[in-house]
Amino acid sequence: MNVSDIFLWEAQKGASIEWVIHLIIHRMATKSSPHSSAGTRMASSKRRERASDHRTAGSPAPVAFRPIHTRRAFEEICDRIREQLALGVLKPGDKLPPERDLAQQLGVSRNVLREALRSLEMAGVLRLQKGVKGGAFVQQGDTSRMNVVMRDMLSLGTISIRELSEARVQVLDLVVRLACANARQSDFEALQANVERTELFTREGRLLERVECAREFYKLLAIACGNKVIAMITDAVTEIHMRFVYAKVASSGVAMARLVERRKQFLAALRERNAAAAARLMRGHLGAVQKMLEQDPGAMSLQIALAEMKPGMK
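A short tour of the structure in this document, coming up. Along every chain, residues carry numbers that run from 1 in the direction the sequence is written. A pLDDT threshold of at least 70 governs which residues receive local features in this predicted model, and a stricter bar of 80 or more applies before side-chain atom pairs are shown or counted, although totals over entire chains, interfaces and linings include all residues. No hydrogens and no water enter the side-chain calculation; it runs on all heavy atoms of the structure.

Focus on the overall build of the protein chain
Okay, so step 1: When helices and strands are tallied, the protein chain shows 14 helices and two strands.
Okay, so step 2: Exposure classes here rest on a 1.4 Å probe applied to the protein chains alone. A residue is buried below 20% of its type maximum, exposed above 50%, and partly exposed in between. Expressed as a percentage of its 314 residues, the buried residues of the protein chain come to 33%.
Okay, so step 3: Sequence-distant contacts in the protein chain: of pairs separated by 6 or more residues, those separated by 24 or more amount to 70%.
Okay, so step 4: Where accessible areas are quoted, they stem from the Shrake-Rupley method and a 1.4 Å probe; at the residue level, only the protein chains shown are allowed to cover. Here the protein chain displays about 19800 Å² of accessible surface, and carbon together with sulfur accounts for 57% of that area. The secondary structure listing takes helices from DSSP runs of H or I that are at least 4 residues long and strands from runs of E that are at least 2 residues long, numbered from the N terminus. It only takes one pair of heavy atoms within 4.5 Å for two residues to be counted as in contact.

Considerations on the pairing of strand S2 (residues 135-138)
Okay, so step 1: Direction of pairing for strand S1 (residues 126-129) relative to S2: antiparallel, over a ladder of four bridges. In the sheet register, Arg 127 faces S2, and the bridge partner there is Phe 137.
Okay, so step 2: A pair of strands is treated as paired once DSSP finds two or more bridges between them. Linking S1 to S2, which pair antiparallel, is a turn of five residues; within it Gly 131 sits at a positive phi near 105 degrees.

Concerning the pattern of salt bridges
Okay, so step 1: By definition here, a salt bridge exists when the distance from a side-chain nitrogen of Lys or Arg to a carboxyl oxygen of Asp or Glu is within 4 Å. Following the criterion strictly, the structure yields 15 salt bridges and no others.
Okay, so step 2: Arg 114 is the salt-bridge partner of Glu 99, the closest N and O atoms lying 2.8 Å from each other. Of this pair, Glu 99 sits in helix H5 (residues 99-106) while Arg 114 sits in helix H6 (residues 110-122), placing them 15 residues apart in sequence.
Okay, so step 3: Residue Glu 99 is classed as partly exposed on the basis of its relative accessible area of 24%.
Okay, so step 4: The partner of Glu 166 in a salt bridge is Arg 162, with the nearest N and O atoms 2.9 Å apart. One end of the pair is Glu 166 and the other is Arg 162, both in helix H8 (residues 161-182) and four residues apart, which spans about a single turn.
Okay, so step 5: Residue Glu 166 is classed as partly exposed on the basis of its relative accessible area of 44%.
Okay, so step 6: Here Arg 162 falls in the exposed class, since its relative accessible area comes to 52%.
Okay, so step 7: A single salt-bridge network, built from bridges that share partners, covers Glu 99, Arg 110 and Arg 114.

Structural notes on the packing of aromatic side chains
Okay, so step 1: In this analysis, rings of Phe, Tyr and Trp, with Trp reduced to its six-membered ring, are considered paired at centre separations within 6.5 Å, and the interplanar angle assigns stacked below 30 degrees, edge-to-face beyond 60, and tilted for intermediate values. Here the structure, examined in full by the defined rule, presents two aromatic pairs.
Okay, so step 2: Taking the centre distance of 5.6 Å and the plane angle of 85 degrees together, the rings of Phe 217 and Tyr 218 count as edge-to-face.
Okay, so step 3: Under the relative-accessibility criterion, Tyr 218 is labelled buried at 3%.
Okay, so step 4: For the ring pair Phe 217 and Phe 266, a centre distance of 6.0 Å and an interplane angle of 65 degrees mean the geometry is edge-to-face. Of this pair, Phe 217 sits in helix H10 (residues 207-224) while Phe 266 sits in helix H12 (residues 259-271), and the two are 49 residues apart along the sequence. Per residue, the accessibility class of Phe 217 equals that of Phe 266, and both read buried.
Okay, so step 5: Through a chain of ring-to-ring contacts, three or more aromatic side chains come together here, namely Phe 217, Tyr 218 and Phe 266.
Okay, so step 6: Whether a charge lies above a ring is judged from NZ of Lys or CZ of Arg, which has to be within 6 Å of the ring centre and within 35 degrees of the ring normal. Against the face of Phe 217 rests Arg 263, its NZ or CZ located 4.0 Å from the ring centre.

Brief notes about the packing of H10 against helix H11 (residues 228-252)
Okay, so step 1: It is at 10 Å that the axes of H10 and H11 come closest, and there the two elements cross at 165 degrees. Compared by their axis directions, H10 and H11 come out roughly antiparallel. For the element pair H10 and H11, the recorded crossing hand is right-handed. Seen from H10, the contacting residues are Leu 207, Leu 208, Val 211, Glu 212, Ala 214, Arg 215, Tyr 218, Lys 219 and Ala 222; seen from H11, they are Ala 231, Thr 234, Asp 235, Thr 238, Glu 239, Met 242, Val 245, Tyr 246, Val 249 and Ala 250.
Okay, so step 2: Across the contact of H10 with H11, the residue classes break down as twelve nonpolar, two polar and five charged. Every axis corresponds to a line fitted to the C-alpha atoms, with the helix fit spanning only the stretch in contact, and the corresponding angles, defined between N-to-C directions, vary from 0 to 180 degrees. Oblique is the label for any angle not under 35 degrees, not over 145, and not in the 65 to 115 range, which are roughly parallel, roughly antiparallel and roughly perpendicular in turn. Crossing handedness: left-handed means the near helix sits turned counterclockwise from the far one by under a right angle, and right-handed means the same turn made clockwise. Nonpolar residues are Ala, Val, Leu, Ile, Met, Phe, Trp, Tyr, Cys and Pro. Charged residues are Asp, Glu, Lys and Arg, and all others, Gly as well, are polar.

Quick look at the nonpolar core
Okay, so step 1: Ranked by size, the top nonpolar core spans 47 residues in total, and within it Val 176, Phe 217, Leu 221, Phe 266, Leu 270 and Met 282 carry the most contacts.
Okay, so step 2: Listed by contribution, the elements that provide at least two residues to this core are helix H7 (145-156), H8, helix H9 (185-204), H10, H11, H12 and helix H13 (275-294).
Okay, so step 3: In terms of residues, this core owes the most to one element, H11, which gives nine residues.
Okay, so step 4: Look past the residues within four positions of Phe 266 in its chain and what remains in contact with it is Val 176, Phe 217, Leu 221, Ala 278, Leu 281 and Met 282.
Okay, so step 5: Ranked by size, the runner-up nonpolar core spans 16 residues in total, among them Ala 103, Val 125, Leu 126 and Val 138. In these notes, a set of buried Ala, Val, Leu, Ile, Met, Phe, Trp, Tyr and Cys residues joined through side-chain atoms within 4.5 Å is what counts as a nonpolar core.

Topic: the environment of Ile 159
Okay, so step 1: With respect to the element layout, Ile 159 can be found in the loop between H7 and H8.
Okay, so step 2: Residue Ile 159 is classed as buried on the basis of its relative accessible area, which comes to 18%.
Okay, so step 3: If sequence neighbours within four positions are ignored, Ile 159 has contacts with Met 150, Met 153, Leu 154 and Leu 164.

Next up, the structure:
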């Protein structure tokens, strides 16, 4: 078969121009050298031998690429919904389209859509409500999710109780200084009411309720600092630490002495916006609490930190 025959034959089969040219060149090379086929085989054999020699000599192996895995559909749906939130198209309180309509818009099955909605519910982004007036609603934002993340990290061993205690001291030091600068009259009033309840619970011997009051005190203080991000971090480290205090008081019936007096001194410094004095008083109090807990090794166990503590539980 000559060159023109090759061209016509391959063209009829729908081959590309590049492939036809390759065949023609190969055909011409074969005709010009009757031993070219054998020579080609010998050259190929030599190349394989050289490659083997390079591998033996310790040359780097060829680059290996991992297979490309496409993203799961439910992850893509989550990103689409989060994108609408970021753009302001969806806002807290808004209701997503009905399940059937939303699945149709996204081009996915209803089962895949449900998986995505459940994932966003677990993340605190959506609230799924059943019934006639049910559906998927955008949440206001659940700051307690930070507490869950912190507990999970503690459970997995990513962070230690010691690191958590150190972080709490440093974070509260910052909170106190910001609260001295940013606290409003309403913040002072809320803290004052908390101190008065603490005094009442102390006088009546309602020590576990006093612990819950202390938990609220740190929440109010975090709000007074005027920074929501720092407030979330404060809540996370305080929520776990207060579990240790609760367990200690519940098991021993002994509570921190002079707590009311310390609270009144601290609040006075806060009202005066004396950051140095308020920070010093807070560090002194936290040190005293830590010393009380360390006297009972069982009170600082990981099991207590991860247990489900409920108000009034003994």
